[in-house]
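What follows is each chain in one-letter form.
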Amino acid sequence: MQTIVIGHRNPDMDSICAAVGYAEFKRLNGQSGVIAARAGNTNERIDFVLEKFGVPPPVLINDLSPRVGDVMERNVFSVRTDSPVYDAIQLIDQKLLRGLPVVDGENRCVGLLSTFKISHHLFPSREEASNARLIIASLADIVSTFGGTLITGSLSSDTAEQLLMVGAMAQDSFQPRLQRYKDQRVILFVGDRPHIQDLAISEQVHAIVVTGGFPLLPATDAAARAANITIISSPHDTATTVLLARGAVRVDRMLESEYLSFRPDTLLEQARDIAAESAAFVFPVLDEDGRLVGILSKSDFLKEIPRQLILVDHNELTQAVHGADKVPIVEILDHHKLGGFSSSTPMLFWNNPVGSTSSIVTMCFQHNGIPIPKAIAGLLMAGLISDTLNLTSPTATPIDRQILAHLSTVAECDPRELAESIFSVGSPLMTMTAEQAINADSKIYEEAGHRFAVAQIEELTFAHFPEKRDALLAALEAQRQRDGLLFSSLLVTDINDQTSLLLVRGTEAFLHTIDYPLRAPYIWLLAGVVSRKKQLLPYLLNCVEKLPR
């Protein structure tokens, strides 16, 4: 079972650092199969911190919706196009299969071999029974199927049409019958009938199979060698030998070349709908080059998805990675308001009103007596500093101060120097497009029947804001219309002056509820407001409540 620790979409510093830190905590606490992930791209500040402490970025996962690759059988049994059907039958019998995928020399799937096709070949209808003795196979494959031993001549590996004939009649009746097929490659199956054997040699049949393990008479052996006739000994009786010999036909003679296949990344729900309309017994799973990488049967749709989630720094599915609602969520660590999350099974849900989720992760280490690795301590410092603006945000608590002091000792890093380094890296207004800026740390909320977006970026100064203002407002309006939102907003925070500008594009009714000083159209000045969670969001929720119902 794989456990994925992941933050919200459009991850901020705390979301990334908490995911990495909690995944490491889980591993050190003895849990296997745990990976840290992110539901969006990092930014320059996050990249700076990861590089500073020598930690690789968590794996990017944009969608956790179950895929075909999650449930397909990877240990695939298949046969080559040039394999005898006999070999396929043995594999089907041993593995209790209903059929097999057929591949070429480069493992590319070319079709399916079903038990129906095989049974039709072995047991044709009465109307087609006369053709059952004609098979396309090599003499070498035919002899291999019944475990024969070469006595004279040679065994050709060339595939050709062979006519299987049984010498089970009197000599006078047999000769005219044999002569009717003089132009065909006749393989004669006969027991201890020297006269029939001699007649077949004189008629220059392609090969003779002496069944029952009976020996050749010296004279017959000599005649066969003189005429360069191939003679094979079979340990089985005639009926059994002929039945086995018919299994020498190659798989490509009876494969179903039209078949339904899937890719490993096909959504499982989509594959289920398609498979439900199909009568196929199995579905090959192919990579982009058509090579066989798995097999999917209808029973595989009942398998449990081998993946579970731990959410950090959020508890609302609207903010979670796509597909989170289709995967078991086993834990949540967060410091935001409760978002109406519900679960069908009990889980660990730690919601603590501290300044950052990184603080909660640190407490997990402390409560379990697990030493925090130096690099992880540095990351958790960065997450705490970023989310609390180095403890200057109203969200910072005395617990955060204690935790930051502890982390700085473990990481051997001064908090003030780290904060200056983080906030001096990459102004979002200068390094991002308007669309990137409003999505870099954006969260979607649902309240009172309305959906709205609240994003935040942090700057050292508002100096670059005027040149970006119009593009930001246009991007917010485009987001609002595209996603059908009540409003789209962006809080631009000057972390030095502890002041923010609020940009909002929304309905006229909602805009009229905002009573902060209007600095420009759609832009309000929020002096002393730096926290989206503790200051801005409660205010916006109050504005939403003022709307007529």
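Residues numbered from 1 in each chain as written. Predicted model: local features only at pLDDT ≥ 70, side-chain atom pairs only at ≥ 80, totals over all residues. Heavy atoms only, no water.

## Observations regarding unusual backbone geometry
And then number 1: Despite not being glycine, N10 has its phi angle at roughly 50 degrees, a positive value.
And then number 2: Secondary-structure assignment places N10 in the loop between β1 (2–9) and α1 (13–28).
And then number 3: Although it is not a glycine, Q204 sits at a positive phi angle of roughly 60 degrees.
And then number 4: Among the structural elements, Q204 can be located in the loop between α8 (194–202) and β11 (207–210). (Helix = DSSP H or I, 4+ residues; strand = E, 2+ residues; numbered from the N terminus.)

## Considerations on the packing of helix α12 (residues 357–367) against helix α14 (residues 398–411)
And then number 1: Running from amino to carboxyl end, α12 crosses α14 at an angle of 65 degrees, the nearest separation of the two axes being 10 Å. The angle between α12 and α14 falls in the class roughly perpendicular. As α12 packs across α14, the resulting crossing turns out to be left-handed. Each of S359, T362, M363 and Q366 in α12 lies in contact with α14, whose residues at this interface are I399, D400, I403, H406 and L407.
And then number 2: When grouped by side-chain class, the residues that make up the contact of α12 with α14 number four nonpolar, four polar and one charged. (Axes fitted to C-alpha atoms, helices over the stretch in contact; angles between N-to-C directions. Parallel < 35°, antiparallel > 145°, perpendicular 65-115°, else oblique. Left-handed = near helix turned anticlockwise from the far one by under 90°. Contact = heavy atoms within 4.5 Å. Nonpolar A, V, L, I, M, F, W, Y, C, P; charged D, E, K, R; others polar.)

## Considerations on the sheet that holds strand β5 (residues 99–103)
And then number 1: Taken in spatial order, the three strands of this open sheet run β4-β5-β6, and their pairing is mixed. Only two strands of the sheet have a single neighbouring strand rather than two, namely β4 (79–80) and β6 (109–114).
And then number 2: When β4 meets β5, the two strands line up parallel, connected through two bridges. By the bridge assignment for β5, R80 is matched with V103.
And then number 3: Lying on the sheet, helix α4 (residues 85–95) is in contact with β4, β5 and β6; it crosses β5 at an angle near 135 degrees. (Pairing = 2+ DSSP bridges.)

## What about the sheet that holds strand β23 (residues 523–527)?
And then number 1: The sheet built from six strands is open, its strands ordered β18-β19-β20-β21-β23-β22 with mixed pairing. Looking at strand neighbours, the two that pair on one side only are β18 (442–447) and β22 (518–520), the edges of this open sheet. Taken pair by pair, the neighbouring strands of this sheet meet at an average axis angle of 30 degrees, ignoring direction.
And then number 2: In this sheet, strand β20 (residues 487–494) lies alongside strand β19 (residues 450–459) in parallel orientation, the contact comprising eight bridges. Bridged to E459 within β20 is D494.

## Description of the state of the cysteines
And then number 1: In this structure the tally under the stated criterion is zero disulfides.
And then number 2: Of all cysteine sulfurs, the one in C17 lies closest to C364, which takes part in no disulfide; the gap is 15 Å. (Disulfide = S-S within 2.5 Å.)

## Quick word on the environment of W350
And then number 1: Take W350: it is sitting in strand β17 (residues 348–351).
And then number 2: W350 gets classed as partly exposed once you look at its relative accessible area, which sits at 21%.
And then number 3: Considering only alpha carbons, one finds W350 and E331, 19 residues apart in sequence, at a separation of 8.1 Å.
And then number 4: Among residues more than four places away in sequence, those in contact with W350 are I332, L333, D334, I360, M363, C364 and H367. (Buried < 20%, exposed > 50% of the residue type's maximum accessible area, 1.4 Å probe, protein only.)

Note that every value here comes from positions in space, so none of it alone points to a role or purpose.
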